[in-house]
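# Tertiary structure, described
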Amino acid sequence: MKKILISALTMLTFCFSANAQTVISNNYEGSPITSSTETTESDDDESLLPYAVSYYSFDGFENWGIGFQAINPNNFGFEMGLRNNFEKHGNYNIDLGINYSFKLFGSGDTKGFLVLAAGPSFRIQDQYDIEDDEWDSGKFFFDGYATGRINICHKRLTVGAGYFVWGPKFKFGSDYRADGFTLSLGYNF
């Protein structure tokens, strides 16, 4: 578990990038000492890095989690989430995914995005052994997930709502998958 968490946090650090470029232009007509600074990137194309608390409503159970997203308008980004259901034999998942954000609107301090994401989900969960009539604790599973959501960002506050599909062992058939509504509230850094 420690190796997975350390690997996930290492991947998270690769998501940070500098977005603004400063160009220094010389004014040769005036004094040679004076110069001006211009920013070449507008705020509309600025990447957002919200950290959020999330709720997942699946059929028959729910998950709570915390997560991080890198939203790049009309471009690819990254996201990571930690979620569980706080039950005795419940699941503990680390979701790592690639997302693509479509900018829907931008007006002043408010922006809206359609975010589509998919990736692997690493799960630790107790599994019942029928032959031994006991629980095997801490079994590791490799799952998959996909999500589509709308994110509304106003200044530093981010609200997201959408649909989440979790495919245990990458089985997305109706007999295997867990799907439902997701809601998140976050702060944009």
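A quick note: this is a predicted structure, and the numbers were derived from the prediction, not measured.

Check the secondary structure of the chain and you find one helix and ten strands. Taking all 189 residues of the chain together, 38% fall into the buried category. For the chain, long-range pairs separated by at least 24 residues make up 49% of all intrachain contacts whose partners lie at least 6 apart in sequence. A total of about 11500 Å² of accessible surface is found on the chain, and carbon and sulfur atoms cover 58% of it.

Evaluated as defined, the whole model comprises four salt bridges. E79 is the salt-bridge partner of R149, the closest N and O atoms lying 2.6 Å from each other. Here E79 lies in strand β5 (residues 75-84) and R149 lies in strand β8 (residues 134-154), a separation of 70 residues in the sequence. Judged by relative accessible area, R149 falls into the buried class, the value being 7%. Measuring nitrogen to oxygen at the nearest pair gives 2.6 Å for the salt bridge that ties D143 to R123. With D143 in strand β8 and R123 in strand β7 (residues 110-129), this pair connects stretches of sequence that are 20 residues apart. Across this residue pair, the class does not change: D143 and R123 are buried.

Let us look at unusual backbone geometry. Excluding glycine, most residues fall at negative phi; most peptide bonds, likewise, are trans. A positive phi is found at F86, a non-glycine position, where the angle reads about 55°. Residue class for F86 comes out exposed when judged on its relative accessible area of 63%.

Another point: the sheet that holds β8. Judged by pairing direction, the barrel is antiparallel, and its eight strands sit side by side in the order β3-β4-β5-β6-β7-β8-β9-β10 before closing back on the first. On average, each strand axis in the sheet is tilted by 25° relative to the strand beside it, whichever way the strands run. Sheet topology note: the strand β9 (residues 157-167)/strand β10 (residues 178-188) ladder contains ten bridges and is antiparallel. Among the inter-strand pairings, F164 is bridged to a residue of β10, identified as G180.

So, about the pairing of β8. Sheet faces and side chains relate simply in a regular strand, where the side chains alternate between the two faces. Here 19 bridges tie β7 to β8, and the two strands are oriented antiparallel to one another. Pairing of D129 across the sheet is with E134, part of β8. Note that β8 and β9 share eleven bridges and pair antiparallel. Residue C153 lies in a different strand from β9, and its bridge partner there is T158. Where β8 folds back on β9, the antiparallel hairpin that results is connected by two residues, among which K155 adopts a positive phi of roughly 55°.

Ranked by size, the top nonpolar core spans eight residues in total: L49, F68, A70, F78, M80, I94, L96 and F122. Broken down by secondary-structure element, the contributors of at least two residues to this core are β4 (61-70), β5 and β6 (91-107). Among the nonpolar cores identified, the runner-up in size contains six residues, and F58, Y145, F164 and A178 belong to it.

What follows concerns the pairing of β5. By the criterion of burial, β5 is predominantly enclosed, with seven of the ten residues buried. Pairing between β4 and β5: seven bridges, direction antiparallel. Its bridge partner being in β5, I66 is matched across the sheet by L82. Between the antiparallel neighbours β4 and β5 lie four residues, among them N74 with a positive phi of about 55°. Relative to β6, β5 runs antiparallel, the two sharing ten bridges. Among the inter-strand pairings, G81 is bridged to a residue of β6, identified as D95. From the end of β5 to the start of β6, which pair antiparallel, there are six residues, and F86 there has a positive phi angle of about 55°.

Conventions adopted
- Residues numbered from 1 in each chain as written.
- Predicted model: local features only at pLDDT ≥ 70, side-chain atom pairs only at ≥ 80, totals over all residues.
- Heavy atoms only, no water.
- Helix = DSSP H or I, 4+ residues; strand = E, 2+ residues; numbered from the N terminus.
- Buried < 20%, exposed > 50% of the residue type's maximum accessible area, 1.4 Å probe, protein only.
- Contact = heavy atoms within 4.5 Å.
- Areas by Shrake-Rupley, 256 points an atom, 1.4 Å probe, with all protein chains shown as cover.
- Salt bridge = Lys/Arg side-chain N within 4 Å of Asp/Glu carboxyl O.
- Pairing = 2+ DSSP bridges.
- Axes fitted to C-alpha atoms, helices over the stretch in contact; angles between N-to-C directions.
- Core = buried A, V, L, I, M, F, W, Y, C linked by side-chain atoms within 4.5 Å.

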